[in-house]
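Inside the fold
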Amino acid sequence: MKIRLLAVGTKMPAWVEEGIETYRKRLPRDFTLEIEEIPLGQRGKNADIAKARAQEAQRIRDKLRGDEYIVALEVKGKTWSTEQLADEADAWRMLGKDIVLLVGGPDGLEPSLSAMADKAWSLSPLTLPHPLVRIMLAEQLYRAWTLLVGHPYHR
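This is a predicted model, so every value here is computed, not measured.

The rules behind the values
Residues numbered from 1 in each chain as written. Predicted model: local features only at pLDDT ≥ 70, side-chain atom pairs only at ≥ 80, totals over all residues. Heavy atoms only, no water. Helix = DSSP H or I, 4+ residues; strand = E, 2+ residues; numbered from the N terminus. Rg over C-alpha atoms; globule rule 2.2 N^0.38 Å. Buried < 20%, exposed > 50% of the residue type's maximum accessible area, 1.4 Å probe, protein only. Contact = heavy atoms within 4.5 Å. pLDDT = per-residue confidence, 0-100. Pairing = 2+ DSSP bridges. Axes fitted to C-alpha atoms, helices over the stretch in contact; angles between N-to-C directions. Polar contact = N/O pair within 3.5 Å; in protein donor to acceptor, adjacent residues only side chain to side chain.

If you tally the helices and strands in the protein, you get 5 helices and 5 strands. For the protein, the α and β elements follow one another from N to C terminus as β-α-β-α-β-α-β-α-β-α. Computed over C-alpha atoms, the radius of gyration of the protein comes to 15 Å, within 12% of the 15 Å expected from 2.2 N^0.38 for 155 residues, which places it in the range of a compact globule. The C-alpha extent of the protein, read off along each of the three principal axes, is 50 × 30 × 25 Å. Of all 155 residues assigned to the protein, the portion counted as buried reaches 43%. For the protein, the proportion of contacts with a sequence separation of at least 24, taken over those separated by at least 6, is 82%.

Turning to the confidence of the model for the protein, a few remarks are in order. When the pLDDT values of the protein are averaged, the result is 94; 99% of them are 70 or greater. The secondary-structure element of the protein with the lowest mean pLDDT is helix 4 (residues 111-116), recorded at 94, while strand 4 (residues 99-103) shows the highest, at 98.

Turning next to the environment of Ala54. By the secondary structure assignment, Ala54 is in helix 2 (residues 49-63). The spacing of Ala54 and Glu110 is 56 residues in sequence and 6.4 Å in space, taken between C-alpha atoms.

Moving on, we get to the sheet that holds strand 2 (residues 32-38). As summarised here, the arrangement of the 5 strands in space is 2-1-4-3-5, forming an open sheet in which the pairing is parallel. Because the sheet does not close on itself, it has two edges, and the strands there are strand 2 and strand 5 (119-122). Adjacent strand axes in the sheet meet at a mean angle of 30 degrees, parallel and antiparallel pairs treated alike. Bridging between strand 1 (residues 2-8) and strand 4 involves 5 bridges; their strand directions are parallel. Within strand 4, the position partnered with Arg4 by the bridge is Val100. Strand contacts of helix 3 (residues 82-95): strand 1, strand 3 (69-79), strand 4 and strand 5, with the helix running at about 160 degrees to strand 3, the strand carrying the most contacts. Relative to the sheet, helix 5 (residues 130-149) contacts strand 1, strand 2, strand 3, strand 4 and strand 5, its axis offset from that of strand 1 by approximately 170 degrees.

Relative to the helices and strands, Gln140 resides in helix 5. Side chain to side chain, Gln140 and Glu139 meet in a polar contact 2.6 Å long. The residues touching Gln140, leaving out its near neighbours within four places in the chain, are Thr82 and Leu85.

See the structure below:
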């Protein structure tokens, strides 16, 4: 199973890349994580936020392959414990599809993207910085995999 994270925002600091890579390299070939950065929509003083979100949404749509199971990461999504994430990941494996996780920009995902998602997942009701979201996702996916295979990482 391949998991792709389509995340709005580019040029993450080196510590983010290092943190993500720490967990990516631990995952087996049949449970991989790829991250694709999506450029922000045009923002600035007096920017049209709806237009910026629409630009981001189109860039995300352009990356979708049409045969993936889509999970939108949103504050209003359902929160999962690590064990529930492992159950979700196990169900994803049974689908026989690749998984794509969507993370919007500073103003979230455009509603049309949320509507096309198969699931909505919330990491936390807190507002989290995008760099940390990427590392948290990588770590939690690794942790879920360890639960599925009985590895002692999760105690």
